[in-house]
Amino acid sequence: MTMTKPSILFTALAAMTAMLMAWPAGAQEDGPPTPTTASAGEKLDVVWNVIDGAIRPGYSAFEDAAREEATKIGALCEMPDEVQLQTAREGFGQLAKAFAAIEFVRFGPITEDHRLERILFFPDRRGVTLRQVQAILANTEDDSALSPATLAQKSVAVQGLTALEFVLFGSGSQTLETKGGDFRCSYAKAIADNIVSIAEAVTAGWGNEEGITSRLTNPSQSDTAYRKADDSLKEITSIFIDGLEMIRDQRLKPALGEDAQDANPKAFLYHRSENALAALSANFTGLRQIFDAAQYGEILPEAQASYLPDAISFEFDNARRTLDAIPAPLADVVVSKENRDKLDYVLIVTGSLQSEFANQLAPALGLSAGFSSLDGD
Amino acid sequence: MPPIRNRLATPLLARRDFLAGAGALFASTLIGRRAEAFEDADALFASACRRPDGSYGCAVFAEDGRIVSEVALPDRGHDVAFDPLSYRAVAFARRPRTFAVVFDPKTGETVKTLTSAEGRHFFGHGFFSPDGRLMYATENDYDAARGLIGVYDVKRDFARIGEFDTHGMDTHEALLMPDGETIVVANGGIETHPDYGRQKLNLATMEPSLVLIDRKSGDLLAKHRLEKSLHQLSIRHLAIDADRKVWFGCQYEGPSADAPQLLGFATPEAGLSLIEMPRGDLARLSNYVGSVAASADGTRIAISSPVGGEVMILDATKKSLIESHPVRDGCGLAADGAGFLATSGHGLVTHLAKQAADRQADREWDNHILAL
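Residues numbered from 1 in each chain as written. Chains lettered and ligands numbered in written order. Predicted model: local features only at pLDDT ≥ 70, side-chain atom pairs only at ≥ 80, totals over all residues.

Chain B is annotated in an unreviewed UniProt entry as DUF1513 domain-containing protein from Fulvimarina manganoxydans.

Going by an unreviewed UniProt entry, chain A carries the name Imelysin-like domain-containing protein and comes from Fulvimarina manganoxydans. The record held by UniProt for chain A lists under Subcellular location (unreviewed entry) the comment "Cell envelope". (UniProt positions renumbered as here; feature names shortened; annotations may be inferred.)

Shown next as structure tokens:
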């Protein structure tokens, strides 16, 4: 859809959002919702739906994208030229999007061996990646960053996607079009291969019927995290509650600032490769896929089942429409007069969605975090 | 030994002592049910809370849970400090907020609202010097990700007169040792910055520590760390037992399946030691200890996990579990006579190891209780 009058559309969307926010409030005049009476088995079905319908496919897609990018970089190193570099850069965008779609799953194998931070070290408030990656590129005598095995022993900041982004897009990356960029290209290849190994370990962990899958779907008293069905359901639901909070606090607010003058375009993840918008869109797409796979409607009390999944889907659609209407790159949008309001609106939709999951869905499932345990201290 | 604070093995401020001081005047001015609550109370406690209308406050309550006084807070608070000499209490903001409210626990009247120094925010804990002249608060120099103890001169209207480096980041709870001169600090090791809300920024590289510093000079006296494989075990809450062992409770930021021990103690001779809790008991803590308290006689240690919904009492000498109680969202703990008082985020005030009725308050209690 081409948008000629964004302000009118946004006003309309804002009004619809406001209506939607008012709707459940009206349905809950009698105080907090009566939590679901769904059985443990039914709740664990939702957990299983997410594992098999979204988490496993999400990580598989990420692994595939990593493997493809490693192949593309391999081809670039072998026959460096402008076209191969362009192909490798496009592959990076695909890889960043594939990870963005599944990155808010922050439990299970991704938490072992610092895998999450090794794939994505962000936010990087002190610019550690830039400093350390430049140091590696400046010292071509030291080849310890050129093999995935030795790279894996180094700082998380030089192993992951933001390191690869600098190598492929940062200053000096044009040398990758020539044999003069051999060292840089070998480092890029090592990063991609290392990401492939990490992705393989994560998909293997989720594919294994023991381990995390068994822990989540067969909760046990001796488990430190999943002792009953509600614990597993809460973990799954935390993907949305925490993920949307991360979008707000890590991906949007630091870059948006108070206004266009106060904006900090470099605070966007992947601003260097101009993949910030693509990754942000993939964040929402991934969350939507996980939500659709869950089929929460099956276990929500009737009062909520009749509107809440639709209300959440409606907000996801709002986010999608708004993001589709934003021109890339975000670094320009955030300082522009005419388009910045769209990003402000994404922030509002993120907040609405977060509130629907945290303040409506979770209580209806009987999962409200207590005041003391919420966001612990 | 001078009175220090609730997590130390010191006698509680009994009602009759309170009455002997300024409390007598106070009691005579109380009206109705609050006066009754005060009259019946053997001990008083304070805790930050959320009120039924969604606003935040810090309530002073009797051991039966009846509220005696309450001060409004501009936002969510965390822990409370109390100086028995001046009868002043201070409610600290929960990170990353920047206020600390000095109030009179007798009336709930605000004496002064402190704002943290430029580039700093409060981490939520603090204490007074034994002579009541200085107040110390845990703080974050957030641009440098550097933990601090801010030092405030009580007589100069709580002017901030200095700060001590805590040689770590995420300085959470700090207590004064029984010598009255040494500050023991729990550096949680987790980097946060107000620009990123409460997001944890350094889970791969965190380095928690337990540090001893001189309260007058700020000199580093000792720094203890856990073994490297436990670098994601955040040391956050403290209590001191009768043998002057410093007990520390942790929250684990690594993979949940690791299930590391969460409670340990520090001694000058041996540094840090984790106790060995059986797996079944450990599992109930859900990788998270939210507060630690010593009994009045210092022979027992209580720990709570609001995430696991469990409160446990351990023998401080044998280092073994005595009893365990399920308390949904239970976190606040304080010595209460021969037992412990515990509070929950759902408003419960309950007694452990002591026969007394529970009470349900219309407050959501925050993570900590101070025994006045």
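Still more ground to cover, so stick around.
What about the overall build of chain A?
Each helix and strand counted, chain A has 15 helices and zero strands in total. Taking 21 Å as the expected radius of gyration for a compact globule of 377 residues, we find that chain A reaches 22 Å, a close match to that expectation. Reported as C-alpha extents along the three principal axes, the dimensions of chain A are approximately 70 × 55 × 35 Å. Looking at chain A as a whole, 50% of its 377 residues qualify as buried. Of the contacts made within chain A by residues no fewer than 6 positions apart, 78% connect residues no fewer than 24 positions apart. (Helix = DSSP H or I, 4+ residues; strand = E, 2+ residues; numbered from the N terminus. Rg over C-alpha atoms; globule rule 2.2 N^0.38 Å. Buried ≥ 20, exposed ≤ 12 C-beta atoms within 10 Å, placed from the backbone. Contact = placed C-beta atoms within 7 Å.)

A look at the overall build of chain B
Counting its secondary structure elements, chain B contains three helices and 29 strands. Per-residue burial over chain B gives 55% buried out of 372 residues. The long-range fraction of contacts in chain B, counting pairs at least 24 apart against all pairs at least 6 apart in sequence, stands at 48%.

Here's the deal with the nonpolar core
Residues and elements named next belong to chain A. Within the largest apolar cluster, 118 residues are counted, with the highest numbers of intra-cluster contacts made by Phe99 and Ile191. It is helix H2 (residues 40–78) that provides the largest number of residues to this core, a total of 15 residues. Here Phe99 is in contact with Phe62, Ile119, Leu120 and Leu161, once residues within four sequence places are set aside. (Core = buried A, V, L, I, M, F, W, Y, C linked by C-beta atoms within 7 Å.)

Comments concerning the domain arrangement of chain A
Often, the extent of an interface is quoted as the loss of accessible area on bringing the components together. Residues and elements named next belong to chain A. Each assigned domain of chain A is listed with its residue range as follows: domain 1 (6–27 + 37–44 + 226–364) and domain 2 (55–214). Computed over C-alpha atoms, the centres of domain 1 and domain 2 are 27 Å apart. Taken together, the contact between domain 1 and domain 2 spans 20 residues of the former and 18 residues of the latter. Of all elements in the fold, only helix H10 (229–256) and helix H11 (276–294) reach the threshold of two or more residues within the side of domain 1 that touches domain 2. A class-by-class count of the residues in the side of domain 1 that touches domain 2 yields nine nonpolar, eight polar and three charged. (Domains from an automatic or database assignment. Nonpolar A, V, L, I, M, F, W, Y, C, P; charged D, E, K, R; others polar.)

A word on the sheet that holds strand E10 (residues 146–153) of chain B
Adjacent strands of a sheet form backbone hydrogen bonds with each other and so pair up, either parallel or antiparallel. Residue and element names in this part refer to chain B. An order of E8-E9-E10-E11 is seen for the four strands of this open sheet, with the pairing classed as antiparallel. Only two strands of the sheet have a single neighbouring strand rather than two, namely strand E8 (120–128) and strand E11 (159–165). Each strand axis lies, on average, 30 degrees off the axis of its neighbour in the sheet, ignoring direction. (Pairing = 2+ DSSP bridges. Axes fitted to C-alpha atoms, helices over the stretch in contact; angles between N-to-C directions.)

Here's the deal with the packing of H2(A) against helix H8 (residues 182–207) of chain A
Residue and element names in this part refer to chain A. For the pair H2 and H8, interaxial distance at closest approach is 8 Å and the crossing angle is 160 degrees. Between H2 and H8, the crossing angle belongs to the class labelled roughly antiparallel. Judged by the twist between their axes, the crossing of H2 over H8 is left-handed. Residues that form the contact of H2 with H8 fall into these classes: 16 nonpolar, five polar and seven charged. (Parallel < 35°, antiparallel > 145°, perpendicular 65-115°, else oblique. Left-handed = near helix turned anticlockwise from the far one by under 90°.)

With respect to the pairing of strand E3 (residues 67–73) of chain B
All names here are of chain B. Among the seven residues of E3, five are classified as buried, and the element is accordingly described as predominantly covered. Strand direction decides the pairing type here: strand E2 (residues 56–62) and E3, joined by six bridges, are antiparallel. Bridge pairing in E3 places Phe61 opposite Ile67. Where E2 folds back on E3, the antiparallel hairpin that results is connected by four residues, among which Gly65 adopts a positive phi of roughly 90 degrees.

Digging into the interface of chain A and chain B
Taken together, the contact pairs 25 residues of chain A with 39 residues of chain B. Grouping the amino acids of the side of chain A that touches chain B by side-chain chemistry returns seven nonpolar, ten polar and eight charged.

Focus on the pairing of strand E21 (residues 300–305) of chain B
Residue and element names in this part refer to chain B. The element E21 is largely enclosed, with a buried count of six among its six residues. Residues Arg300, Ala302 and Ser304 of E21 are buried on one face, and the alternating residues Ile301, Ile303 and Ser305, pointing to the opposite face, are buried as well. The pairing of strand E20 (residues 291–294) with E21 spans four bridges and is antiparallel. Counterpart to Ala293 in the pairing with E21 is Ala302. Remark: five residues form the turn of the hairpin made by E20 and E21, two consecutive strands paired antiparallel; Gly298 in that turn has positive phi of roughly 75 degrees. Pairing between E21 and strand E22 (residues 310–315): six bridges, direction antiparallel.

Digging into the confidence of the model for chain B
Per-chain confidence: chain B averages 90 in pLDDT, with 89% of residues scoring 70 or above. Overall fold confidence (pTM) sits at 0.90, and the ipTM for the predicted complex is 0.89. (pLDDT = per-residue confidence, 0-100.)

Some points on the environment of Gly197(B)
Residues and elements named next belong to chain B. Its place among the elements puts Gly197 in the loop between strand E13 (182–187) and strand E14 (209–214). For Gly197, a count of 16 C-beta atoms within 10 Å gives the class partly exposed. Along the sequence, Gly197 and Ala159 sit 38 residues apart, while their C-alpha atoms lie 28 Å from each other.

Thoughts on the sheet that holds strand E18 (residues 263–267) of chain B
Residue and element names in this part refer to chain B. With antiparallel pairing, the four strands of this open sheet are ordered in space as E16-E17-E18-E19. On the outer flanks of this sheet lie strand E16 (233–240) and strand E19 (271–274), each paired with one strand and no other. Strand-to-strand twist across the sheet, computed as the mean angle between neighbouring axes with direction ignored, equals 30 degrees.

Points about H10(A)
Every α-helix carries 3.6 residues per turn, so stepping three or four residues along brings you back to the same face. Residues and elements named next belong to chain A. For H10, spanning 28 residues, the distance from its first C-alpha to its last is 39 Å, which sits close to the expected 40 Å at 1.5 Å a residue. Taking the largest bend as the criterion, H10 deviates by roughly 35 degrees, centred on Thr237. Of all 28 residues in H10, 22 are buried, a share of seventy percent or more. After H10 finishes, the residue Gly257 shows a positive phi value of roughly 60 degrees. (Expected span 1.5 Å × (residues − 1). Bend = angle between axes of the 7 residues up to and from the residue.)

Digging into the environment of Pro278(B)
Along the polypeptide, Pro278(B) turns up in the loop between E19 and helix H3 (279–283). Separated by 42 residues in the primary sequence, Pro278(B) and Ser320(B) have C-alpha atoms spaced 9.5 Å apart.

A short note on the packing of H10(A) against helix H15 (residues 340–364) of chain A
All names here are of chain A. Close contact between H10 and H15 brings their axes to 9 Å; oriented N to C, the two are set at 155 degrees. Taken together, H10 and H15 sit at an angle that is classed as roughly antiparallel. Remark: the crossing between H10 and H15 carries left-handed chirality. The segment H10 lies against H15, with Thr237, Phe240, Ile241, Leu244, Glu245, Ile247, Arg248, Leu252 and Leu256 engaging Leu343, Val346, Leu347, Thr350, Gly351, Leu353, Gln354, Phe357, Ala358, Leu361 and Ala362.

Overview of the confidence of the model for chain A
Predicted confidence across chain A gives a mean pLDDT of 91, with 90% of residues reaching 70 or more. For residues 1–30 of chain A, every residue scores under 50 in pLDDT, and the model assigns this stretch 22 contacts once sequence neighbours within four places are set aside.

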